[in-house]
Amino acid sequence: MTLDLFSDAPDADLPRGREAIGPGAFVLRGFALPFVDELLPALNEVEQRAAFRHLVTPGGLTMSVAMTNCGRLGWISDRRGYRYGELDPETGRPWPPMPAVFEHLAQAAAAEAGYEGFAPDACLVNRYEPGTRLSLHQDKDERDYGAPIVSVSLGMPATFLFGGLARGDKAARIPLGHGDVVVWGGPDRLRYHGVLPLADRPHALLGSRRINLTFRKAG
Ligand code: SIN
Ligand code: FE2
């Protein structure tokens with residue numbers, strides 16, 4: 001399965017494989033590349049039905065990353081807090097369904113990292129532009145931490161920060177490029193993570209944007 005996926009990749013000479021960044025955390029270099037031709041049109045459809053928006057934190061700050069969701073549950077933040085919900089508060093309608101190619105990619109990446117049977121019900125879509133950052137946080141609004149997080153990078157490169165279980169722990173700086181996937185679960189499920197401010201290094205397909213898809217089992 002893995003060999004087949006990788007041999008389809010357009011630039012098969014890039015470093016590939018499973019880099020461990022923790023006992024239950026891995027970077028899968030280029031893992032999403034064979035899916036990109038299908039991912040981008042599917043992403044467009046999601047975006048048509050649930051537009052990107054800048055959410056406000058409970059503390060009243062506007063996030064620099066623009067977000068939307070697909071899947072049964074969507075993650076939102078407002079003055080009342082962080083939570084998952086079935087409806088897009090902007091439209092009052094359910095979030096767009098998770099495209100089949102999103103789910104297949106998430107499942108395959110989780111399995112590659114040793115998490116069989118991953119069934120995400122939420123996909124948070126983050127859009128970064130030059131200067132956008134995401135400060136260190138834990139993904140902890142999900143009901144059950146038994147499932148991993150699967151995070152797919154598309155477009156401009158970024159530096160991912162992968163910290164420890166305490167906010168003050170030193171964070172590793174991990175360069176992520178178009179098609180890279182990070183999976184963290186098990187003992188690493190609650191590791192702090194974030195993204196450094198992006199430089200403007202336009203990407204051939206996505207221009208001055210980086211898109212991140214994070215898949216979770218939220219409900
Ligand atoms: C996130 O933590 O939700 C996104 C991480 C990333 O953009 O790589
Ligand atoms: Fe996160």
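Residues numbered from 1 in each chain as written. Chains lettered and ligands numbered in written order. Predicted model: local features only at pLDDT ≥ 70, side-chain atom pairs only at ≥ 80, totals over all residues. Heavy atoms only, no water.

Chemist: How do you make sense of the layout of surface pockets when you look at a structure like this?
Modeler: Sizing a probe to match a water molecule and rolling it over the atoms shows the empty space that remains. If you add up the space inside the largest pocket, you get close to 710 Å³. Forming the walls of the largest pocket are 34 residues, and the residues nearest its centre are M63, Y82, L134, S135 and H137. For the lining of the largest pocket, the secondary-structure elements that each account for two or more residues are β6 (122-128), β7 (134-137), β12 (193-195) and β13 (210-216). Looking at the lining of the largest pocket residue by residue, the class counts come to 15 nonpolar, 11 polar and eight charged. (1 Å grid on protein atoms, 1.4 Å probe; cavity = no way out; pocket = protein on both sides within 12 Å on 5 of 7 lines; lining within 4 Å. Points joined across faces, edges and corners; volume = space filled by probe spheres on them. Helix = DSSP H or I, 4+ residues; strand = E, 2+ residues; numbered from the N terminus. Nonpolar A, V, L, I, M, F, W, Y, C, P; charged D, E, K, R; others polar.)

Chemist: Looking at this structure, how should I read the environment of E45?
Modeler: Residue position: E45 is located in helix α2 (residues 36-49). Between the alpha carbons of E45 and P99 there is a distance of 9.1 Å; along the sequence they are 54 residues apart.

Chemist: Whenever I open this one, the pattern of salt bridges confuses me. Can you help?
Modeler: Think of it this way: side chains of opposite charge can pair up when their charged atoms draw near. This model, assessed by the stated rule, comprises 12 salt bridges. Across the pair R191 and D188 runs a salt bridge whose closest N-O atoms are separated by 2.8 Å. In this structure D188 comes out as buried when scored by relative accessible area, which is 2%. One continuous salt-bridge network, built from bridges that share partners, spans R72, E86, D121 and K217. (Salt bridge = Lys/Arg side-chain N within 4 Å of Asp/Glu carboxyl O. Buried < 20%, exposed > 50% of the residue type's maximum accessible area, 1.4 Å probe, protein only.)

Chemist: When you look at the UniProt feature "binding site: Fe cation" (unreviewed entry) in the protein in this model, what are you seeing that I'm missing?
Modeler: As annotated by UniProt and renumbered to match this structure, "binding site: Fe cation" (unreviewed entry) occupies H137, D139 and H193. With the annotated positions falling across 57 residues, the maximum pairwise C-alpha distance of 8.6 Å places them together in a single cluster. Lining residues of the largest pocket drawn from the annotated set just named are H137, D139 and H193. With respect to the helices and strands, the residue H137 is situated in strand β7. For H137, a relative accessible area of 22% gives the class partly exposed. Here H137 is in contact with R191, Y192 and H193, once residues within four sequence places are set aside. Engagement of the side chain of H137 in a polar contact is seen with the backbone oxygen of S135, the distance being 2.9 Å. Tracing the sequence through the fold places D139 in the loop between β7 and β8 (149-155). For D139, the residues in contact, after removing those within four places along its chain, are Y145, I149, W184, R189, L190, H193 and R216. (UniProt positions renumbered as here; feature names shortened; annotations may be inferred. Contact = heavy atoms within 4.5 Å. Polar contact = N/O pair within 3.5 Å; in protein donor to acceptor, adjacent residues only side chain to side chain.)

Chemist: Explanation requested: the packing of α2 against helix α3 (residues 100-112) in the structure shown.
Modeler: The axes of two packed helices give the description: the angle between them and the distance between them. Packing of α2 against α3 brings their axes to within 9 Å, and their N-to-C directions diverge by 130 degrees. Classified by the interaxial angle, the pair formed by α2 and α3 is oblique. When you trace α2 past α3, the crossing you get is left-handed. Contact residues: E38, L39, A42 and L43 in α2; V101, F102 and L105 in α3. Grouping the constituent residues of the contact of α2 with α3 by class yields six nonpolar, no polar and one charged. (Axes fitted to C-alpha atoms, helices over the stretch in contact; angles between N-to-C directions. Parallel < 35°, antiparallel > 145°, perpendicular 65-115°, else oblique. Left-handed = near helix turned anticlockwise from the far one by under 90°.)

Chemist: Any chance you could explain the sheet that holds strand β11 (residues 181-184) here in plain terms?
Modeler: The strands making up a sheet are joined through hydrogen bonds of the backbone, oriented either antiparallel or parallel. Judged by pairing direction, the sheet is antiparallel, and its seven strands sit side by side in the order β1-β2-β11-β8-β13-β6-β3 without closing on themselves. The strands lining the two open edges of the sheet, one partner per strand, are β1 (17-22) and β3 (66-70). Strand-to-strand, the axes of this sheet are offset by a mean angle of 20 degrees, without reference to chain direction. Pairing analysis gives six bridges linking β8 to β13, with the strands arranged antiparallel. Across the sheet, the residue bridging to G155 is R210, located in β13. (Pairing = 2+ DSSP bridges.)

Chemist: Help me understand the UniProt feature "domain: Fe2OG dioxygenase" (unreviewed entry) in the protein, please; the structure alone is not making it clear to me.
Modeler: In the numbering used here, UniProt assigns the "domain: Fe2OG dioxygenase" (unreviewed entry) feature to residues 119-219. Helix makes up 0% of residues 119-219 and strand 42%. Its end C-alpha atoms lie 11 Å apart.

Chemist: What should I look at first to understand the coordination of the iron ion (ligand 2) in this one?
Modeler: Around a metal, the idealised angle for a tetrahedral arrangement of four donor atoms is 109.5 degrees; for an octahedral arrangement of six donor atoms it is 90 or 180 degrees. Donor atoms from the polypeptide that coordinate the iron ion (ligand 2) comprise H137 (NE2), D139 (OD) and H193 (NE2), at 2.1 to 2.2 Å from the metal. Coordination at the iron ion (ligand 2) is irregular, judged from the four donor atoms that bind it and the angles of 89 to 176 degrees they form at the metal. What makes D139 buried here is its relative accessible area of 5%. (Donors = N, O, S within 2.8 Å, 3.2 Å for Na, K, Ca; no water. Tetrahedral: all angles 85-135°; square planar, octahedral: opposite > 155°, others 65-115°.)

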